Amino acid sequence: MNFLRGVMGGPSAGPQPSGADTIQKLCDRVASSTLLDDRRDAVRALKSLSKKYRLEVGIQAMEHLIHVLQTDRSDSEIIGYALDTLYNVISNDLEEEEQEENSAKQVDDLGSQFTEIFIKQQENVTLLLTLVEEFDFHVRWPGVKLLTSLLKQQGPQVQQIILVSPMGVSRLMDLLADSREVIRNDGVLLLQQLTKSNAAIQKIVAFENAFERLLDIITEEGNSDGGIVVEDCLLLLQNLLKNNNSNQNFFKEGSYIQRMKPWFEVGDDNCGWSAQKVTNLHLMLQLVRVLVSPTNPPGATSSCQKAMFHCGLLQQLCTILMATGVPADILTETINTVSEVIRGCQTNQDYFASVNAPSNPPRPAIVVLLMSMVNERQPFVLRCAVLYCFQCFLYKNQKGQGEIVSTLLPSTIDATGNSVSAGQLLCGGLFSTDSLSNWCAAVALAHALQENGTLKEQLLRVQLATSIGNPPVSLLQQCTNILSQGSKVQTRVGLLMLLCTWLSNCSIAVTHFLHNPANVPFLTGQIAENLGEEEQLVQGLCALLLGISIYYNDNSLENYRKEKLKQLIEKRIGRENFIEKLGFISKHELYSRAAQKPQPSFSSPDHMMFDHEFTKLVKELEGVISKAIYKSSEEDKKEEEVKKTLEQHDNIVTHYKKVIREQDQELEELKQRISTLTSQNEQLQATVTQQVSQIQQHKDQYNLLKVQLGKDSQHHNSHGDTLQMNGLQTEEVSKLKEELEEWKNKHELLQGQLKEKDSVIEKLNSSQLEMGATEQSLQSSRFGGLEHSNELQKELEVLRSQIQLQAAEISKLQMENQKLQVMNTAADPMLGDSGGTAATSSELEARLEQEIKELKSQIKALSEEKESLKQQLDSSTSTVAILQDKNSRLEREVAESKKEQDDLLVLLADQDQKISAQKMKLKDFGVAVEDEDDTESGDQGDEDEDGDEEEQDENAAVCYQEN
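Residues numbered from 1 in each chain as written. Predicted model: local features only at pLDDT ≥ 70, side-chain atom pairs only at ≥ 80, totals over all residues. Heavy atoms only, no water.

Identification of the protein as General vesicular transport factor p115 from Serinus canaria is taken from an unreviewed UniProt entry. Quoted verbatim from the Sequence similarities (unreviewed entry) field of UniProt, the annotation for the protein is "Belongs to the VDP/USO1/EDE1 family." Database annotation for the protein, UniProt heading Function (unreviewed entry): "General vesicular transport factor required for intercisternal transport in the Golgi stack; it is required for transcytotic fusion and/or subsequent binding of the vesicles to the target membrane. May well act as a vesicular anchor by interacting with the target membrane and holding the vesicular and target membranes in proximity." (UniProt positions renumbered as here; feature names shortened; annotations may be inferred.)

Engineer: Which residues make up the overall build of the protein, and what are the values?
Structural biologist: When helices and strands are tallied, the protein shows 45 helices and four strands. Burial status across the protein gives 41% buried among its 963 residues. Looking at the protein as shown, the accessible area adds up to about 53,700 Å², and 51% of this sits on carbon and sulfur atoms. (Helix = DSSP H or I, 4+ residues; strand = E, 2+ residues; numbered from the N terminus. Buried < 20%, exposed > 50% of the residue type's maximum accessible area, 1.4 Å probe, protein only. Areas by Shrake-Rupley, 256 points an atom, 1.4 Å probe, with all protein chains shown as cover.)

Engineer: For the packing of helix α31 (residues 519-528) against helix α33 (residues 562-572), give the residues involved together with the corresponding values.
Structural biologist: Between α31 and α33, the shortest axis-to-axis distance is 10 Å and the interhelical angle comes to 35 degrees. The two elements α31 and α33 meet at a crossing, and its hand is right-handed. Here α31 contributes Val520, Thr524 and Ala528 to the contact with α33, which in turn contributes Leu565, Leu568 and Arg572. Across the contact of α31 with α33, the residue classes break down as four nonpolar, one polar and one charged. (Axes fitted to C-alpha atoms, helices over the stretch in contact; angles between N-to-C directions. Left-handed = near helix turned anticlockwise from the far one by under 90°. Contact = heavy atoms within 4.5 Å. Nonpolar A, V, L, I, M, F, W, Y, C, P; charged D, E, K, R; others polar.)

Engineer: Hey, could you go over a nonpolar patch on the surface for me, with residue numbers and the actual values?
Structural biologist: A surface patch of nonpolar side chains, amounting to about 310 Å² of accessible area, comprises Ile652, Tyr656 and Ile660. Take Ile660: it is sitting in helix α38 (residues 633-722). (Patch = residues over 30% accessible without salt bridge, like charges linked within 9 Å, V, L, I, M, F, W, Y side chains within 5 Å. Salt bridge = Lys/Arg side-chain N within 4 Å of Asp/Glu carboxyl O.)

Engineer: Break down the side chain of Arg171 for me, with residues and values.
Structural biologist: Assignment of secondary structure puts Arg171 in helix α11 (residues 168-173). Those residues within four positions of Arg171 in sequence are excluded, and the remaining contacts are Thr126, Leu129, Thr130, Glu133 and Pro166.

Engineer: Run through the pattern of salt bridges, naming residues and quoting values.
Structural biologist: According to the stated counting rule, one finds 27 salt bridges in the structure shown. Ionic pairing is found between Glu535 and Arg492, a salt bridge with its closest N-O pair at 2.9 Å. Of this pair, Glu535 sits in helix α32 (residues 533-551) while Arg492 sits in helix α29 (residues 489-503), placing them 43 residues apart in sequence. Here the residues in one salt-bridge network are Asp37, Arg40, Asp41, Arg44, Asp75 and Glu77, joined through shared partners.

Engineer: If you had to explain the side chain of Gln490 to someone new, which residues and values would you point to?
Structural biologist: Relative to the helices and strands, Gln490 resides in helix α29. Classification of Gln490 as buried rests on a relative accessible area of 8%. A distance of 3.1 Å separates a polar side-chain atom of Gln490 from the backbone oxygen of Met608. Beyond its immediate sequence surroundings of up to four residues, Gln490 is in contact with Ser435, Leu436, Trp439, Pro605, Met608 and Met609. (Polar contact = N/O pair within 3.5 Å; in protein donor to acceptor, adjacent residues only side chain to side chain.)

Engineer: I'd love a proper account of a negative patch on the surface, names of residues and values included.
Structural biologist: Taken together, the side chains of Glu662, Asp664, Glu666, Glu668 and Glu669 present a region of like negative charge at the surface. Relative to the assigned elements, Glu669 resides in helix α38. Residue classification places Glu669 among the partly exposed positions, given a relative accessible area of 48%. (Lys, Arg positive; Asp, Glu negative; His and termini not counted. Charge placed at Lys NZ, Arg CZ, Asp CG, Glu CD.)

Engineer: Please set out the packing of aromatic side chains residue by residue, giving values where relevant.
Structural biologist: Evaluated as defined, the whole model comprises 13 aromatic pairs. Taken together, a centroid distance of 6.3 Å and an interplanar angle of 85 degrees make the contact between Trp439 and Phe602 edge-to-face. Of the two residues, Trp439 sits in helix α26 (residues 435-448) while Phe602 sits in the loop between α36 (589-594) and α37 (612-630), which places them 163 residues apart along the sequence. Trp439 gets classed as buried once you look at its relative accessible area, which sits at 1%. Ring centres 6.4 Å apart and planes at 15 degrees place the aromatic pair Phe610 and Phe614 in the stacked group. Exposure remark for Phe610: the relative accessible area of 1% places this residue in the buried category. (Phe/Tyr/Trp six-rings, centres within 6.5 Å; stacked < 30°, edge-to-face > 60°.)

Engineer: Could you give an account of the packing of helix α19 (residues 313-322) against helix α21 (residues 346-354), with specific residues and numbers?
Structural biologist: Across the interface, α19 lies against α21 with an axial gap of 11 Å and an inter-helix angle of 35 degrees. The two elements α19 and α21 cross, and the hand of that crossing is right-handed. Every residue of α21 that contacts α19 at Leu314, Gln315, Cys318 and Leu321 is listed here: Asn348, Tyr351 and Phe352.

Engineer: Kindly report on the confidence of the model for the protein, identifying the contributing residues and their values.
Structural biologist: Looking at the protein, pLDDT values average 81 and 77% of them are 70 or higher. Below a pLDDT of 50 lies the segment residues 824-841, which in the model reaches five contacts outside its immediate sequence neighbourhood of four places, other chains included. Long-range and interchain partners of residues 952-963, a stretch whose pLDDT sits below 50, account for five contacts in this model, where long-range means more than four residues apart. (pLDDT = per-residue confidence, 0-100.)

Engineer: If you had to explain unusual backbone geometry to someone new, which residues and values would you point to?
Structural biologist: Cis geometry is found at the peptide bond from Asn360 to Pro361, where omega equals 0 degrees. Relative to the helices and strands, Pro361 resides in the loop between β1 (356-357) and β2 (363-364). With phi around 60 degrees, Asn243 is a residue other than glycine that occupies positive phi space. Its location among the elements puts Asn243 in the loop between α15 (228-241) and α16 (245-253). Asn243 sits in the exposed class, given a relative accessible area of 63%.

Engineer: If you had to explain helix α24 (residues 398-406) to someone new, which residues and values would you point to?
Structural biologist: Gly400, Gln401, Ile404 and Val405 are the residues of α24 that are buried. Along the long axis of α24, the arc covered by the buried residues comes to 130 degrees, so they all point the same way. (Arc of directions from axis to C-beta.)

Engineer: Which residues make up the environment of Arg184, and what values do they have?
Structural biologist: Structurally, Arg184 can be placed in helix α12 (residues 181-194). A residue is classified by how much of its surface remains accessible, and Arg184, at 7% relative accessible area, is buried. Spatially, the C-alpha atoms of Arg184 and Trp141 are 9.4 Å apart, while their sequence positions differ by 43 residues. Leave out the neighbours within four places in its chain, and Arg184 touches Leu175, Leu176, Asp178, Ile217, Glu220, Glu221 and Val229.

Engineer: For α16, give the residues involved together with the corresponding values.
Structural biologist: Three- or four-residue spacings in an α-helix give side chains the same orientation, since the helix completes a turn every 3.6 residues. When we look at burial in α16, the residues that qualify are Asn247, Gln248, Phe251 and Lys252. Buried residues of α16, seen end-on, are gathered within an arc of 135 degrees and therefore sit on one face of the element. Ser255 sits one or two residues past α16 and shows a positive phi near 60 degrees.

Encoded structure:
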């Protein structure tokens with residue numbers, strides 16, 4: 001211990017040992033001491049020396065410290081000292097005094113060298129991951145700091161070791177759930193270093209629920225009003241999402257975009273923004289831009305843009321955009337963020353066009369932003385942001401382009417001058433004295449014409465009043481006039497980019513440009529001169545504009561045909577010289593910067609020369625213009641023929657596309673008709689089944705009627721057979737009369753049957769007529785009804801034939817009757833005198849007639865009796881149904897009453913058992929209890945009488961049910 005006191009600075013006799021010697025002795029003590037306390041004190045002493053003697057401790061003690069981590073894990077205190085010592089050796093976070101003494105380069109070298117020694121054995125990093133899992137604060141916190149320092153020094157190597165370690169990343173994700181804020185916050189810093197430039201680890205961290213945990217921490221800390229912890233969480237979120245399409249999609253699908261909206265809820269009082277709040281909000285805006293960056297896949301960007309609109313995030317950003325008191329850098333970043341949220345998304349662009357600034361009178365947000373862009377007193381960064389916002393608003397937005405150009409056309413200009421339009425602001429900026437305003441307005445107007453030939457033609461109608469008394473000139477002519485006046489380079493570059501965009505792919509605009517005789521000589525003069533480096537860019541753009549005038553020339557002007565312009569270039573400039581000047585554009589340094597990304601980012605206004613979309617146009621046209629310059633007239637003719645052929649082909653393709661669209665529409669209509677017809681068919685099939693069931697019912701009723709009519713005819717025949725005639729006639733006459741009566745009866749019965757069947761047929765026909773509405777689409781049901789009616793018609797014909805046969809038989813019998821009467825008159829001399837026979841025959845006829853009348857009356861009475869019986873039968877069936885219904889109800893009531901009685905009996909039995917048990921208990925206690933047998937026997941008579949009455953009631957109920 002005296003040795004340790006000497007090391008720690010205590011008083012001792014003799015010369016003091018040097019730092020290296022002390023460290024060596026401490027290392028020997030750590031390696032050789034058997035007592036844990038001695039080793040712990042030695043490691044503590046090394047920790048205190050590690051900052052001042054970093055190199056010596058690192059060289060001599062690192063191996064011993066790693067050995068302590070491996071062997072003394074049971075003691076958290078010595079593990080904590082060892083981890084702190086290693087952190088001091090490896091980390092470059094030194095105090096200010098030490099930073100002054102040592103150069104930064106030496107510090108970086110030391111840290112990286114010690115880190116390389118430590119991670120040379122991968123087991124050391126795995127051991128450190130195991131120690132980080134310990135819950136003890138004195139072990140976990142120094143372990144987290146040491147691992148963070150290792151990642152800072154040798155990030156890729158340590159990342160690879162952690163990635164291949166089992167559950168390595170998952171162990172570190174548990175740090176975010178630690179209840180101790182110090183460890184949680186340092187865990188966020190550790191994950192920042194771990195996720196840098198490693199997509200695989202970024203995906204693992206994201207799928208370990210990192211988004212949910214980080215957003216919860218940001219919410220707990222107060223969103224944008226939070227401290228540095230919020231900043232660290234936002235930086236980690238940027239690491240996870242930037243250039244990682246998988247994590248971006250996971251972030252969107254997890255509905256985490258909706259949780260970003262509260263970040264931008266800024267109050268009305270925007271005074272006194274703290275520096276931390278500005279930093280936090282700046283990072284939040286950058287995180288939104290990461291999700292909708294133009295460098296992302298178009299599909300992913302579009303889905304994020306739609307999600308931001310639907311959750312109200314875009315609306316919240318526009319509120320900040322139009323708010324007052326917002327710091328300039330936050331306002332600039334908000335404009336850039338809104339720009340990328342609306343870029344190429346028609347819904348968001350339409351919403352942005354509808355946003356108004358809170359002014360009196362209200363003005364569109366686009367107009368307010370353009371006023372800032374053309375105002376030279378505004379900050380340069382803000383003007384660049386507004387230009388980017390305007391470009392994004394017009395990107396793939398033909399509707400917005402048309403609205404901007406329409407404010408320049410004569411028919412839509414506000415003559416009163418009460419309101420300033422976007423077109424007026426652009427024209428004002430285009431011809432102002434500020435070269436930056438000229439350039440921004442020219443580029444903005446060029447974006448309004450991008451890939452829109454219709455608007456290029458309409459813009460030719462714009463007329464400008466240059467001065468009082470002079471006639472107005474076209475916008476195209478005014479641009480060329482400013483070019484020829486020799487203004488600043490930035491102004492001329494902006495105007496040349498506008499003219500190149502305007503004339504490209506628009507032959508009418510080329511014709512208007514060439515119609516001015518001063519334009520071509522000006523361009524050839526600019527290209528032919530040998531000017532300085534600053535003017536080389538203007539020469540290249542002039543060459544591009546002249547090349548566009550040749551390539552898109554329709555040869556409508558005789559003096560400026562393609563061939564003549566080529567000859568002019570060859571005579572005054574030279575083809576090689578022309579191509580060389582044209583190449584100045586793509587070789588320029590500012591051109592390469594502008595081609596990298598859509599957002600205009602320039603270090604100073606002087607570097608603001610090229611637009612991103614214009615660089616695409618240059619790439620597209622540079623090659624074709626070079627070829628067009630060297631082509632002969634014959635090749636031009638062939639090219640024109642090819643163009644015509646391609647146009648015809650395009651027309652044919654367009655025609656077929658139109659035909660295909662029409663056929664698709666017809667197919668959709670037919671599909672809809674098929675669906676409606678199938679539904680109607682199902683309905684009609686249901687009606688058919690109903691009609692078939694009705695027809696079957698009619699057939700059953702018809703069969704019943706046939707059976708009943710057969711029984712009635714048998715009854716009448718049997719009654720007619722019992723009738724006998726009394727008189728003087730012979731047996732043959734009586735038999736014939738009886739047969740005559742029988743045939744008459746049959747005749748009448750058949751006529752009745754015919755009438756009944758005719759009525760049935762009429763009923764069927766009426767039902768068939770009622771179904772006429774559905775017969776048009778249901779031929780099958782109609783055929784079924786017709787077949788049934790045909791069967792009935794056939795039966796009717798059979799009956800009619802039978803009636804005819806019976807009538808013929810009746811006529812035969814009447815003839816025989818007449819013959820018999822003649823025979824009787826001839827046989828009168830044998831029977832008596834003629835007066836008696838005449839009397840007898842007349843009597844016989846009278847009696848026959850009377851009997852026939854009586855038979856008819858009897859038949860009528862029988863038919864009436866039959867009708868009354870039918871009525872009685874119907875009434876009896878209805879009463880039977882009513883009685884059955886009552887009977888079923890009574891049976892249910894009886895069953896319920898029986899069930900209730902059974903329940904009561906069960907309850908009574910339970911009660912008796914309880915009473916008997918209580919009595920037994922009372923008897924056991926010696927209490928005298930009276931038996932109820934006597935009282936029950938006294939009441940037995942009354943109960944018997946009640947029982948008899950109940951039996952009588954039950955018998956009466958049973959009899960009623962049986963009835």
